[in-house]
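# Observations on the three-dimensional arrangement
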Amino acid sequence: MKNIKIVSLAACMAWMLSLMLFSSCSNDESASASSGAPEIESVMPSGYDEAGNLKPLTPVTIGDPKNYYVIHGKGFLTTTKVYFNDFDTYFRPTFVTDTDIIVLIDEDTPYANASNKLKVVTENGTAEFDFQVAPPVPTFSSYNYINCAEGDQVTIKGKYFLNPVVTLAKTATQPAVPVEVISSTLEQIVVKIPANANMRNLAVTNISGTATSLEAIGTALFDDKLYGMQWGGPWSGKGVDFDFAGDSYQGDKSWQWTFGGWDGGNWGFDIDMTPYKSLRVAVKGAKNGQVNFSVNGGANYVIPVTTTWVYMEIPLSKLGNPTSITMLTFQESNNDGGNTVLFDDLGFVLK
């Protein structure tokens, strides 16, 4: 993800100096040129890159919100308005010469279903230039189902999915694999899972960058439903709802457990842990508290519970380094009469 730097006054002065050297115009020449209609010749990034180096004045036709750009041309001295995609964009008059304007692309500039035009309005006319404002780098919030198979249609949720490209993400040993997009909006994509997708992450790319799922395909124990449970249940025989649709961290549903004081339960599985380094889970409670958690009857690991969703990855070294999982145990341990706890995105993290 791009690192947006805070621009100092010194940096702005450096940009202005670079413009003056770039334009090589005298005040007299500017005054005579400003009498004509404006013309936009190019747009160039300004400011500093992630390494702290001054960006080269190289023409571009795509710009990123919250970054500075130089509009180069002529006839700009009487500029009154600057628009990106018809969005009225603030500029400092002190950052305007006859040949150049330094302007920050506003983060609220529309990028979808837009004109893809830059406009500079002066007292002597309006200049237009083909210029696209890029969306932010996509965010990847969830996909369902995590335990999907070849041919399944899976829904990805997130933001900034403008003309998205979806792949099985590249790994150290495997190349990226295209994934067919069935439909998409800015916040949701429906894809068809290809062959050999198990243990691969999904990635969504737009023109600004790529977001990759936290979860790999096939690594869920609970993802809107419980997978692989062979036996078990709550000690009190009640309180568990694996189909709770009132709130979720990932997908549409969560596992709701209304615990009595010090109540808990055991759940039996048969899972080979060779591919994994951690167990993942997201937790939220009706009140702050904690849940004791253990694997195969080993020592307790205390999961903190708050009133907002908290995602955590628990290293297997904290759970006794199991080579397989045959039993998971949960026990409410607030010592204050119980709690209602939601669990979601329960599964494993690949090595």
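Residues numbered from 1 in each chain as written. Predicted model: local features only at pLDDT ≥ 70, side-chain atom pairs only at ≥ 80, totals over all residues. Heavy atoms only, no water.

### Notes on the sheet that holds strand β3 (residues 68-74)
- Strand order across the open sheet formed by three strands is β1-β3-β6, with antiparallel pairing between neighbours. Unpaired on one side and paired on the other, β1 (39-45) and β6 (100-104) mark the two borders of the sheet. Here the strands of the sheet are splayed against their neighbours by 25 degrees on average, with no regard to which way each runs.
- The pairing of β1 with β3 spans six bridges and is classified as antiparallel. Bridge pairing in β3 places Ile40 opposite Gly73. (Pairing = 2+ DSSP bridges. Helix = DSSP H or I, 4+ residues; strand = E, 2+ residues; numbered from the N terminus. Axes fitted to C-alpha atoms, helices over the stretch in contact; angles between N-to-C directions.)

### Looking at the sheet that holds strand β21 (residues 264-272)
- Across the sheet, which stays open at both edges, the five strands sit in the order β18-β21-β26-β23-β24 with antiparallel pairing between neighbours. At either end of the open sheet lies a strand with only one pairing partner, and these are β18 (231-234) and β24 (301-305). The average undirected angle you get between the axes of adjacent strands in this sheet is 25 degrees.
- For strand β23 (residues 289-295) and strand β26 (residues 324-332), the ladder comprises five bridges, and the chain directions are antiparallel. When the bridges of β26 are listed, Asn292 appears paired with Gln331.

Everything listed here is a matter of geometry and, on its own, says nothing about what the molecule does.
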